[in-house]
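Chain residues, written in single-letter form:
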Amino acid sequence: MDRGNNHVASRSQRWHFLLPGLFGCLLLGIFLTPAPLYQGSVGSVVSSKEEAEDIWLRGKHSQHSRDTTPIMDLVVANQRNDTKGLLRYFAEAHIKGQLSAEAFKEVEHLLLLEQQHHQPQRSRINADKPYESGAASLSNMTQSPHALVQEEIYWRGRDRREAELTRIHHNYSAIKPFNSWGPIYIWDWFNPDHLCPTMERVGRVGDGGKWMCGLETLRKRPEEVGRPCIVYAFGINDDTSFEEELVNITHCQVFAFDPTVKNLPASALNATPPLHFYKQALGPRDAPSRNFLIERNLLSIMKELGHTYIDVLKVDVEGAEWASFAPVFAAGPLPVGQLLIELHYQDVATTFDFFDQLEKQGFRAFSRETNYHPCVTGKMPVAIEYSFIQPATFPKGDALQASKAMLAGLPTYQRQNGVIYLLTQRTRVHSHLIAMLKGLDKYFNAAPGRSYPIVIFHDDFTPADEAAVRAATSSPLTFHRIEFDIPAFLDKEKIPERTECSKHSSTVGYRHMCRFLGLQVQHLLKHFEWHWRLDDDSLFLSPIGYDPFTLMLQNGKKYGFNRILHDNENCVVGLWDVAKDFAKDRGISPTFLDNWDDGVTFYNNFEISHRSIWTNPVVMDFMEHVDRLGGIYYVRWGDAPIRSLAVALVVPETEVHYFSDIGYAHLPYHRQEPRPLPPPFAGALWYLDGASQYIRDVEENNRLDRMGALKRRRQHGVVVIFSTSERFEALKRCLASFEEKFNKHRGYHVWVWSHGLTYEQRLELRALSSSPVRIDTMERPLHLTEGGENRAATGSKGPCGPHDVNSTRLLGWEISRIIAKRYIWQWRLADNAFFTEDLIDDPFLTMVQSRATYGVAAFGTVPAMHRACVRQLVNTVTTRFAFEKKGREELLDTVESVYFDPSFEISHRALWEDPRWDSLIEIVETGGTAVSWEEKAPTPFVGHVDGAYIRSLGVALHLQGGEGGLHIFDNLHAVDLSASVMISNRSNSNKQQQEGETRRIAGHGLEVSHDSQVLGKLFRPQRLGFLDAMLGTPVSLPRNPSSVTHGATPPAAAVVTNTPEMVWMLGETRIGHMNNTKPEAAFVLDDAVALLSPANKIIDYFWRHRENQGMPASILNDGTLGSDQTLLPTAGLAVVPERHPDQVRLILLCQRQNVSASYIEGERTQLGSAVVVVTNAQMPPSRWVYDVRQFPGTDKWNGWHTAMALTDGSLVSRNPTTDSVYIMGEQTTNVTTENSWYLKREHVVSKVPLVSLMRMSVEKMEIFATAAAVGAADEEVRNEGQWVSYAETVLETGSPAEAAERLRNHSKTLLPSEEGQAKALVMERVGLGYLSGPKLWFMGDILLDDDNGEEEGKRLVVKTSPAITGPWEDHTVMRLPSEYSTRQYICPSLYVLPDMAQDQQWEVALGLACLVRGHGATPVQEGRSQLSAQVGPTTVDVFRVRFKAPAEAVIDPIPTV
């Protein structure tokens, strides 16, 4: 089969299908624009032209203040008798101020005289009006010339429609609603003929926004009418832009209705005033439908909410509008001021009837807008937005008398006979009860039509307690004191003080509560038909949005719940047998008891039930039987299982409702997020496949997505802590904070492995936890010093660790494999970890949701002295496993330089049961050898290789096998691991600070800080989209370019604020998705753009989309320079044009790189430099328009793209006609010696007017040249150098190679400096900045640490100079951690980040951009992930160097990260 031809054919068929819809929408866009006010000539009936002129002149001369107004030509009357045309003409003149009120009264008189001769063509239409319409009486119309004009325009359009219908004999079947080629669509019949002079759009562009009229009128409603404006919005669809903007403008009360959304966004709920949310659908009647559990009639909702008039009614209900409005039209005139509705075509007759009904009620259309979504899918324009206004009622905000009478005749809304009840104690009044009642009011009971009574049962309230509770709520309250006692028919001697059920919930008092809420409470509520049980710590998370009692009544439900659980088997011993024996003895056929496993229970702290359940003789008999058995007191049978069994005996499954949509929590046991209202069948119990199968799935962990609440249940895991007696205080601190901030709400078991703990110490540890704590004591102490360089510092004798075989085995793998036999998950936590705040997310659950088998919070650095040993271990293992070269390199990249730090580590049983562990253990125990650090003699790995290294290698083998996934816990703000993680770095830091040299720059002391979080987190891989990239240059963007007035120079604060925004140019970028925490790249782009705000932790990525395929494409590299080269932006500058302060230009200097297929590895990739000018940088980068030009005189050895800055040091140019820029360039020479060759880099500077650079011209560019080369006469000038023309000196005739040679001969080298105080730049891409405080130019660089003795050591250097032309000096400000010296870190860029500096006058902020090998995006080939050592992820460390002012300057040592 020819796949190519088939593809072409399918595309042609698709376009053939789409063409009618697209063409139709094109015509609709042309013909369905709102009609403007008719301005053509309108005839008038006067006896003669002279009489008309006489009337006009009298009107003109009666306006004493307008004598100079030119006389407007009077339109001569046309052939037909059109008296209203004359009235319209003079009304227009009156509106424009060309006719006085006295003259217009004469016109009024003329109209009355001619009225008896007027025979309108629409007599048949007017006869159909059953009640007063917006087209009011003639006398009312003449009082408002503007309204008279509007009404005349409307009737003209109505006449045209009637004439066309008369031509086809009112036969709707003859009308074709959508003809692909025109000429008439169904919507052409109904033009928006009404003119709204204040029409404006509210809400977002496209679907969701609405055209409205008279927003100022709505805003003045409280002053003019004495009430806020009322808005009903049916259909939200997660877009509240219209409602929120309307509230912000008018402060209307907005009532939003939509059963298909879970909740309104926080911005809507927190608006002023907040939006009221209802999960109710608009329908023809108050009854459920096949789609929704709740449908409400519009008039019924108004009656419930107490409204007699709706100022604005917005309707977007996806086709339900036709049936919903039919009964409303039949009831009477619609009490609405404006109707904003999206119509979805159904049929011609329904459409005409809808518009006829609206027009009869006085509504006039003033806007029409096509919804183009159906068009792009190949359909006709079946959806369209109309905006209607009722001119007679909207200005005054009051309904017609007929509407008021219609609403008054409707039955009064009656809430159900329901009650809300709970049981509490006075000790919980202020800690729980008051907050619960406030939440109940906020999200349900304070809404109009609610105010259900609340009964509070208690045993110890005082009058002061009752008063405090009443003051906290607006709900009607009743307090009922309960006297608890053990029933007399039970043997009190046999009742234990506590039972085996639970040590916390089996007290006698708790059993009193179980008996009362399980068996007795319904007898105290017999006057109420519906009972809603809550607890005093129940928590609602969002508005409920409807009346649960009404929902159950209308849907035929008797019992409602929101969670099913499996009760503790010790708490229900014998209870299920009692229920089954009861049913058998009484001859009862239970409704669904036989379908449930023992212990399956409705979690009844949220329970809604009908009175008939508890008055059922079977249930009353069963509860009496249970009470007499005494299981509540003897065993601690709970109220929840007892009531669940009663429901399962008599209530059909179809009458049990699951409230899955209500956001509800009973912490720490249960939390259910809000959801949309489910379809009618989805709320039934039988839809859950029976509770038996439902619970079985929960226990087997196979179907976690069935319900969101199940995702939050406790996992089968244990927390493991290793410690010693010497670290007992740290262990106590760790366990206490762990219990307080996390485990008291989760109840995970804790397993401590330690040496030397006394009996009293073990008791003290157990007392700190509410969960079981197992403590295993070991004969020998564990070596708990963390891995890395700190091990060597503590006297390590092995090449990779201490001579401690016991610790290596136990900490490396043995204990973890023992635990894996008993628990699915194990969480290893350092004994000196400390929880500083509540840990909200369960790490075990995070692992489940990310489908990972191993999770870690930090990586340790393998010291240089240990890497040879680790490398040998990896080589031995990969040889035994018969790894190919690629797999061996990938494993080396993973574990050679860093190891997984076990201070915070979570692993799954599958990791430790992986057979690769058996082979690895055999190698390190028997077959492996290591080179001794001291004796250089072969020694076994075990005991000489740190257990953390072996553990990391085993994890890497498991992950590489493709059966596991890695999760990095990178947001553990609640856990302080600083005492255990990366100790090696901190120890060396302290040592080097003590031994470091004192540094001062230009007489100023320094303060150095390091931040790896603020930007590093923003560039992390996304679930779908950006994975990693080679970072190009960051450019500061002006925040508010439109606010700059023409010719004004804004202060620096207008550009740089505390919320920096940057456009960060990206080089090679990988796009794809995260496959179980493993990034897989589907596309590799030559460049992309990131817009980021670090302060707000926001980043957005942009790329273009190739034609209509939707495939991502590069922003700049669109083929302009050919397919064999790409542009990498290395320097940039934002420009605000003086004449266009609302626009932003972006100038980029780029390195042209060779990417041709003929490229030879090792060959220099640079091809030269290029200039890119983006002309609309204020737009999203995907819509950028730009020009690009190669920089003259550059080649593979010379370029003008190293750095760029304005000559005055500003960040953004706002005066481009006078500003100039400095450009740092580089000259590279291949130097060959007898034994080797190397590249010699030198850096030079140029200066060019900004306006020339924007025009991509170098004609006025100057370079700083050696004066001797240009023949300067002055000796001082000859030594210092001078600026010379780049075009005249370098760009003379000749080849590019000759131009490059002239540049080397003439330009003055700045770096390295002649005095040797500054070396040449090592970093490929740097930034250039200026500090106005110390008055220094600066750049950053990374140099080898010559003083460290280790060839891999590196240091952060700041190059400074008082002038751009030098002399430059190097200043070491920080020694970098050892991981930056490994081949795993690729760090080519060190950019200046002025937006990240806290004080731009005195502080340098540098961003070190790196890629980490071995952990990045893996390319996907043929649908499968291929193993390769790709680079990634992207990291950015921010280093801040603050210069102290002379008054505060002190001497500081050199710090280390």
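Rules used throughout
- Residues numbered from 1 in each chain as written.
- Predicted model: local features only at pLDDT ≥ 70, side-chain atom pairs only at ≥ 80, totals over all residues.
- Heavy atoms only, no water.
- Pairing = 2+ DSSP bridges.
- Helix = DSSP H or I, 4+ residues; strand = E, 2+ residues; numbered from the N terminus.
- Buried < 20%, exposed > 50% of the residue type's maximum accessible area, 1.4 Å probe, protein only.
- Phe/Tyr/Trp six-rings, centres within 6.5 Å; stacked < 30°, edge-to-face > 60°.
- Lys NZ or Arg CZ within 6 Å of the ring centre and 35° of its normal.
- Contact = heavy atoms within 4.5 Å.
- Polar contact = N/O pair within 3.5 Å; in protein donor to acceptor, adjacent residues only side chain to side chain.
- Axes fitted to C-alpha atoms, helices over the stretch in contact; angles between N-to-C directions.
- Disulfide = S-S within 2.5 Å.
- Salt bridge = Lys/Arg side-chain N within 4 Å of Asp/Glu carboxyl O.
- Parallel < 35°, antiparallel > 145°, perpendicular 65-115°, else oblique.
- Nonpolar A, V, L, I, M, F, W, Y, C, P; charged D, E, K, R; others polar.
- pLDDT = per-residue confidence, 0-100.
- Core = buried A, V, L, I, M, F, W, Y, C linked by side-chain atoms within 4.5 Å.

Now for the sheet that holds strand S23 (residues 670-672). With antiparallel pairing, three strands are arranged side by side in an open sheet as S16-S22-S23. Edge positions in the sheet fall to strand S16 (539-540) and S23, since each has one partner strand and no second. As defined by bridge partners, strand S22 (residues 664-666) adjoins S23 across three bridges and the pair is classed as antiparallel. Each residue of the ladder has a partner; that of His-666, found in S23, is His-670.

A word on the pairing of strand S3 (residues 230-234). The side chains of a regular strand alternate between both faces of the sheet. Burial analysis of S3 places five of its five residues in the buried class, which makes it a mostly covered element. Taking every second residue as pointing to the same face, both faces of S3 are buried, with Ile-230, Tyr-232 and Phe-234 on one and Val-231 and Ala-233 on the other. Taken together, the five bridges between S3 and strand S4 (residues 253-257) define a ladder with parallel strand orientation. Bridging across to S4, Ala-233 finds its partner in Ala-256. Relative to strand S8 (residues 310-315), S3 runs parallel, the two sharing four bridges. Residue pairing for S8: Tyr-232 is matched across the bridge by Leu-313.

A few words on the packing of aromatic side chains. Applying the stated rule across the entire model yields 55 aromatic pairs. Judged by centre distance (6.2 Å) and plane angle (5 degrees), the rings of Phe-742 and Tyr-748 are stacked. Judged on exposure class, the residue Phe-742 and its partner Tyr-748 are both buried. One aromatic cluster in this structure is built from Trp-187, Trp-189, Phe-190, Trp-322, Phe-325, Phe-329, Phe-352, Phe-354, Phe-355, Tyr-386 and Phe-388. Over the ring of Phe-394 we find Arg-221, and its NZ or CZ is 5.2 Å from the ring centre. The aromatic ring of Tyr-154 is capped on one face by Arg-364, whose charged end is 3.6 Å from the ring centroid.

Further remarks concern the environment of Asn-743. Here Asn-743 shows up in the loop between helix H27 (728-741) and strand S25 (749-754). For Asn-743, a relative accessible area of 0% corresponds to the buried category. When the C-alpha positions of Asn-743 and Asp-842 are compared, they lie 9.6 Å apart, and in sequence the two are 99 residues distant. Residues in contact with Asn-743, not counting those within four places in the same chain, are Phe-738, Tyr-748, Val-750, Ser-769 and Ser-771. Within the local environment of Asn-743, its side chain forms a polar contact with the side chain of Ser-771, the two groups lying 3.5 Å apart.

In this section: the environment of Phe-190. Within the secondary structure, Phe-190 sits in the loop between helix H7 (145-167) and strand S1 (200-202). The exposure class assigned to Phe-190 is buried, which follows from its relative accessible area of 2%. Measuring from C-alpha to C-alpha, the distance between Phe-190 and Phe-352 comes to 8.8 Å, with 162 residues separating the pair along the chain. Not counting chain neighbours up to four residues away, the residues in contact with Phe-190 comprise Arg-161, Thr-351, Phe-352, Phe-355, Arg-368 and Tyr-386.

Okay, the pairing of strand S10 (residues 364-370) next. Of all seven residues that make up S10, six are buried, and the element is covered over most of its length. Pairing of S10 with strand S11 (residues 383-389), which is carried by six bridges, proceeds in the antiparallel orientation. Among the inter-strand pairings, Arg-364 is bridged to a residue of S11, identified as Ile-389.

Once that is clear, we can look at the sheet that holds strand S21 (residues 656-658). Sheet architecture is open: seven strands sit in the order S14-S13-S12-S15-S20-S17-S21, paired in mixed fashion. What marks the edges here is a single partner per strand, and that holds for strand S14 (477-481) and S21. Adjacent strand axes in the sheet meet at a mean angle of 20 degrees, parallel and antiparallel pairs treated alike. Taken together, the five bridges between strand S13 (residues 454-458) and S14 define a ladder with parallel strand orientation. Across the sheet, residue Val-455 finds its bridge partner in S14, namely Thr-478. Sheet strands in contact with helix H18 (residues 463-471) are S13 and S14, and its direction is about 155 degrees off that of S14.

Before going further, it helps to spend a moment on the state of the cysteines. Each disulfide is one covalent bond, formed between the sulfur atoms of two cysteines. Enumeration over the complete set of coordinates arrives at four disulfides. Disulfide pairing places Cys-196 opposite Cys-213 at an S-S distance of 1.9 Å. Between Cys-196 and Cys-213 the sulfur-sulfur dihedral comes to about 95 degrees; the bridge is accordingly right-handed. Here Cys-213 lies in the loop between strand S2 (210-212) and helix H8 (215-219) and Cys-196 lies in the loop between H7 and S1, a separation of 17 residues in the sequence. The residues Cys-196 and Cys-213 share a single accessibility class, namely buried. With a sulfur-sulfur separation of 2.0 Å, Cys-1387 is cross-linked through a disulfide to Cys-1410.

On to the pattern of salt bridges. Under the counting rule described, the total for this entry stands at 50 salt bridges. Linking Arg-450 and Glu-304 is a salt bridge whose minimum nitrogen-to-oxygen distance equals 2.8 Å. Note that Arg-450 is positioned in the loop between helix H17 (429-445) and S13 and Glu-304 in helix H12 (residues 298-305), a separation of 146 residues in sequence. An identical accessibility class is assigned to Arg-450 and Glu-304; each is buried. With a shortest N-O distance of 3.3 Å, Glu-1242 and Lys-1240 are connected by a salt bridge. Members of the salt-bridge network, linked through shared partners, are Arg-158, Arg-161, Glu-162, Asp-356 and Glu-359.

Moving on to the packing of H12 against helix H16 (residues 401-408). Relative to each other, H12 and H16 sit at 80 degrees, their axes nearing to 10 Å. When the axis of H12 is compared with that of H16, the two are roughly perpendicular. Contacts between H12 and H16 involve Leu-299, Met-302 and Lys-303 from the former and Met-406, Leu-407 and Ala-408 from the latter. For the contact of H12 with H16, the residue count by class is five nonpolar, no polar and one charged.

Right, let's talk about unusual backbone geometry for a bit. Cis geometry marks the peptide bond from Thr-272 to Pro-273, where omega comes out at -5 degrees. Looking at the element boundaries, Pro-273 is found in the loop between helix H11 (266-269) and strand S5 (276-278). A cis geometry characterises the amide bond from Leu-1311 onward to Pro-1312, with omega recorded as 0 degrees. Take Pro-1312: it is sitting in the loop between helix H41 (1296-1306) and strand S56 (1325-1326). Residue His-251 is not a glycine yet carries a positive backbone phi of 60 degrees. Following the sequence through the fold, His-251 ends up in the loop between helix H10 (241-250) and S4. Note on His-251: relative accessible area 46%, which makes it partly exposed. Backbone geometry at Lys-1335 places phi at a positive 60 degrees, although glycine is not the residue there. Here Lys-1335 shows up in the loop between strand S57 (1329-1331) and strand S58 (1336-1344).

Given a relative accessible area of 31%, Pro-1312 falls into the partly exposed group. What Pro-1312 contacts, discounting residues up to four positions off in sequence, is Arg-1241, Glu-1242, Ala-1318, Lys-1319 and Ala-1320.

A word on the confidence of the model for the protein. Averaged over the protein, the pLDDT score is 77; the fraction of residues at 70 or greater is 74%. In this model, residues 686-712 is a region of pLDDT below 50 whose contacts with residues beyond four sequence positions or in other chains number 53 contacts.

The next thing to look at is the nonpolar core. Soluble globular proteins tend to pack their nonpolar side chains together in the buried interior. If you look at the biggest cluster of nonpolar residues, it comprises 50 residues, and the most contacted ones within it are Phe-457, Tyr-559, Phe-602, Trp-614, Phe-622, Val-647 and Val-656. Sequence-distant contacts of Phe-622, that is, excluding residues within four places in its chain, are made with Ala-579, Phe-582, Ile-642, Leu-645, Ala-646 and Leu-649. Grouped together as the second largest cluster of nonpolar side chains are 47 residues, Tyr-278, Val-317, Phe-352 and Phe-355 included.

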